[in-house]
Amino acid sequence: MIEISNVSKSFGRIKALENVSFKVNNGELVGYVGLNGAGKTTTIRIIVGVLLPDSGDVYIDGYSVLKEKRKASMRIGWVPEIPIFEPDVKALDYFVYLAGYYKISPSEARRLGKELFERVGLSGTENRKLKEYSQGMKKRFALAVSLINDPPNFVFDEVLNGLDPEGIKFFRELAKNFKKQGKAVLFSSHILSEVEALADRVVFIHKGRIINILTMQEIKSMAEKKLIVKLDKPLEKIPEEINSYGVPVVEDNTLVIRKFKGDQSTVVELLLRQGYKIMEVKLEEISLEEVFFKLIGEQK
Amino acid sequence: MSAVIYDFKRSFFRLSTLLLLIIFILVGVASTYLIYSSMIQQGYSLDQKLSVIAAIDTEDNCLIIKGYVFDEKGDPVSFAQVELYINDKLIDKASSADGFFMLCTGTKISPTNINKFFENITKLAQDSKLVVTYRDVREEVRSSTIMFREVKEIPLTIGFPRIYYLKRTLYTYHSPTAFISTSSPILIPRIDKDDVAIVYFINPFFSLGNNSIEAEYCIGNYLSLYTEKNITKACEEIKDLGVLNKTIVSVKIPLDPKYNGLAILIKKDDLNTTYITGYSTSRGINTIYLSLLSTPLGTIVNFAPIIMLYLAYVLMAKPRSIGALEFILARPITRLDLYLTRYFAAVLTGLTLSIAVILGLGLSTTAILGITPDMTALLTIILGLFLALTAIYSVYYSLATSIRSGLYLAIGIILYLIFTIFWQTIVIIYAYITGQLFDFQKLTELISYSYYFNPVGAVNLLLTMLQKSYGLSSVEVNPYYVGLSVAIWIIVPFILGYLRFRRINLST
Ligand SMILES: Nc1ncnc2c1ncn2[C@@H]1O[C@H](COP(=O)(O)OP(=O)(O)OP(=O)(O)O)[C@@H](O)[C@H]1O
Ligand SMILES: [Mg+2]
């Protein structure tokens, strides 16, 4: 479980995070969504203990990142947005070095390294220097490193960014497995639709503040189709058949059918038959991104 | 711990470190050759390993020679062939047993014919030599005559000028000044543990009548003992050696490593004479070696900080600047752990380098000069080099935690130049400004003391202490100040660096 508690952080005069609090439960995949510069990476760096917050704390399975960093770090894996390594070292050697921090012997680390390199699709590049790795390869390497001790919590910062389709597929499988294994997973993205397929919940951050936390269910319901029909006069009674097209709502001389499904022309025909004149017909489709912007907009 | 080892390996087994290490070892070997050739140039003979002390005495109305031979370890040599030549004519030969030998000059004396006796002795003094052969070593020892220091006129009834043969080699325990003057018939072939010396000296009185003497000794500064008219003023404390009556007297005297001069005061009736020799509690060759060592050591000390500048760059400045430390910090470690790991990785490299460099120097010394350098001296130098490297690393490391890598290199190089290449120039400019430039003693002290204020000063300070203990330097360096200086140079930047590192944002 990852628990972010009242975290604030400023960089000089820029307030990057203000009182950020949320939780990622075990067995839960949580998306962390916000625009560029919203504060996602800052939050994640604080979660993994590499950046110190100005106030607040993060608890990984109950261990404070500030006070019990070793125990907290032991329980969380991290794939950074832009992984940076010491450039002149060979990949597998660096893996072995990092594994040393988990008290894994060099020979064991070498064996584990080869296995994980294989798993993340890096086999055959073990002896290349890290500076010769592409961005995607660096992400895969960071992923391999995060798997060293199979921790119960993970944070992935824009992990799909820079991965090829094969990599994206691999990551999706991995995340689903983590969920099955009861791990807590937080992954950030600035595209809501990217988290759609995976997330159970989404935490929205905007300008350093958490503006909403919604389940995927709630988001999807916001991202509905609406049929709006303006009539010449107020609708007296909603025709029975309309109910099969969605949830009708009447407002003066406007009929709105939320969660609209079906053919709009049949609805128009139906109303015409009832003797109404149709002034305007509009099919509104709200995408996930629009929901996202709407959420942000509400916040402005 | 394993991370320290890994970072250490990474710092040590990198081309630049190994290259510098090899260069330093080569500097060590080359320096040893330089030391060797300058020893030869200054007339020191490394092949002369046997030391000899012998004196003419009388027995059965015959002039005889009694003496001792020692090897380079100071052990008495048995089966050494000793020949006496007068005017290149072999007169007598003998083989030593337990170091002792006795030769007959073939010259009869009659105590009644003093003039004839005196004539014989003078002739011997001029024309005789001893040739000592042992294994493949052959030594020629010419004779000298004892100079009585405080006795202007010696009544023949009491004594004659004593002819003696003395060969002090680089392997005996005399300070280098004593190699130049052979006027004192004192030989210190060996010093046991606890600095107790086996001292041989020649009784100035023949066994003709009664040759028993009362002897005392004192130790002090060699130069003071030599120049002070009233020797007791230059003495630490005069101690009794008792009544002695051998031709060549051997006594045990505890030598104080603090001093470098030994005076033996001999009394017989109203006659007083004093022998003075310079000593060192290390073999002469070690002393010379140490005095010549400061040049190559200076070279190493001048260049070694570059390694530390570079290591702090590789281990801290660069990865911190590019943001690579974050990924490491995400491991189950604290910032302090990370800070310590990369600190001690380089410190360990510094230690390995110090040991390797000095060991290289030591081994080439053994190979080229054929001597085992004084272990205490070597360990002191290793310690000095190690402390200096650690201190300069502390300075660089703390810089590396706070400034970006380009600026780090610029400042690092400037500091390097100040603390090594330009240091003496700076001190000399300071001396000029404060008007101490033309007082040689003051200037020497100023340069020595200036190293308290230099992170790489530990080597120079410890070397000065060593040289002082060998009588090679007159500058007194306070070991507590050395400790304090080293501790401050190591700890203060280390802590300042950590205070900065503790909070710093490690991303780019
Ligand atoms: N090291 C830093 N120094 C100064 N400001 C910073 C630093 N890191 C982040 N910021 C600022 O903090 C704010 C949040 O940045 P952050 O990287 O967390 O955003 P993000 O949500 O991850 O954006 P993106 O989607 O582009 O990755 C931004 O205004 C950014 O400019
Ligand atoms: Mg980001």
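Refer to the structure presented above.
On a predicted model such as this, the values are computed, not experimentally measured, just so you know. (Residues numbered from 1 in each chain as written. Chains lettered and ligands numbered in written order. Predicted model: local features only at pLDDT ≥ 70, side-chain atom pairs only at ≥ 80, totals over all residues. Heavy atoms only, no water.)

Q: Explain the packing of aromatic side chains here, please?
A: As enumerated under the stated definition, the model contains 40 aromatic pairs over all chains in all. Their ring planes at 40° and their centres at 5.0 Å tell us that Phe22 of chain A and Tyr32 of chain A sit as a pair that is tilted. Pair noted here: Phe22 of chain A is in strand β2 (residues 14–24) and Tyr32 of chain A is in strand β3 (residues 29–33), with a separation of 10 residues, a long-range link. For the pair shown, Phe22 of chain A and Tyr32 of chain A are each scored as buried. Taken together, Trp78, Phe85, Tyr94, Phe95, Tyr97, Tyr101, Phe117, Tyr133 and Phe141 of chain A together with Phe327 of chain B form an aromatic cluster joined through their ring pairs. (Phe/Tyr/Trp six-rings, centres within 6.5 Å; stacked < 30°, edge-to-face > 60°. Helix = DSSP H or I, 4+ residues; strand = E, 2+ residues; numbered from the N terminus. Buried < 20%, exposed > 50% of the residue type's maximum accessible area, 1.4 Å probe, protein only.)

Q: Before we go on, may I ask you to explain the site of ligand 1 in this structure?
A: The environment of ligand 1 is made up of 16 residues, and the closest members are Gly37, Lys40, Thr41, Thr42 and Glu81 of chain A. Near ligand 1, residues from chains A and B are present, making the site a shared one. Between ligand 1 and Asn36 of chain A, the relevant distance is 2.9 Å, taken from an oxygen atom to a side-chain nitrogen or oxygen of the residue. At 2.9 Å, a side-chain N or O of Asn505 of chain B approaches a nitrogen atom of ligand 1. With the chains in place, 70% of the 630 Å² that ligand 1 exposes on its own is no longer accessible. Elements that contribute at least two residues to the shell around ligand 1 include exactly β2 and α1 (40–47) of chain A. When residues in the shell around ligand 1 are grouped by element, the largest group, three residues, is from α1 of chain A. Classifying every residue of the shell around ligand 1 gives five nonpolar, eight polar and three charged. (Near = heavy atom within 4 Å. Polar contact = N/O pair within 3.5 Å; in protein donor to acceptor, adjacent residues only side chain to side chain. Areas by Shrake-Rupley, 256 points an atom, 1.4 Å probe, with all protein chains shown as cover. Nonpolar A, V, L, I, M, F, W, Y, C, P; charged D, E, K, R; others polar.)

Q: I tried to follow the coordination of the magnesium ion (ligand 2) on my own but got confused; where do I start?
A: All names here are of chain A. Within the protein, the magnesium ion (ligand 2) binds to Thr41 (OG1) and Glu81 (OE); these donor distances fall in the range 1.8 to 2.3 Å. Note that Thr41 is positioned in helix α1 and Glu81 in the loop between β6 (76–79) and α3 (91–100), a separation of 40 residues in sequence. On the accessibility criterion, Glu81 (28% relative accessible area) is partly exposed. (Donors = N, O, S within 2.8 Å, 3.2 Å for Na, K, Ca; no water.)

Q: I'm lost on the packing of helix α9 (residues 375–402) of chain B against helix α13 (residues 457–469) of chain B in this one. Help?
A: In a packed pair of helices, the relevant descriptors are the angle between the two axes and the axis-to-axis distance. Residue and element names in this part refer to chain B. At a minimum axis distance of 7 Å, the contact between α9 and α13 shows a crossing angle of 160°. Comparing their axes, α13 and α9 come out roughly antiparallel. Judged by the twist between their axes, the crossing of α9 over α13 is right-handed. Residues Ala377, Thr380, Ile381, Leu383, Gly384, Leu385, Leu387 and Ala388 of α9 form the contact with α13, whose own contacting residues are Ala458, Val459, Leu462, Leu463 and Leu466. (Axes fitted to C-alpha atoms, helices over the stretch in contact; angles between N-to-C directions. Parallel < 35°, antiparallel > 145°, perpendicular 65-115°, else oblique. Left-handed = near helix turned anticlockwise from the far one by under 90°. Contact = heavy atoms within 4.5 Å.)

Q: What is the right way to read the interface of chain B and chain A from this model?
A: Where interface size is given, it is often the accessible area lost as the parts come together that is meant. In this assembly, 30 residues from chain B lie in contact with 28 residues from chain A. Carbon and sulfur atoms supply 60% of the area that chain B and chain A bury against each other, a total of about 2,500 Å² over both sides. Three residues, Phe327, Arg331 and Pro332 of chain B, lead the burial of chain B against chain A; their summed loss comes to 28% of the area buried on that side. On the surface where chain B and chain A come into contact, there are 11 residue pairs in polar contact (both at pLDDT 80 or more). Residues that form the side of chain B that touches chain A fall into these classes: 13 nonpolar, seven polar and 10 charged. (Buried area = accessible area lost by both parts, 1.4 Å probe.)

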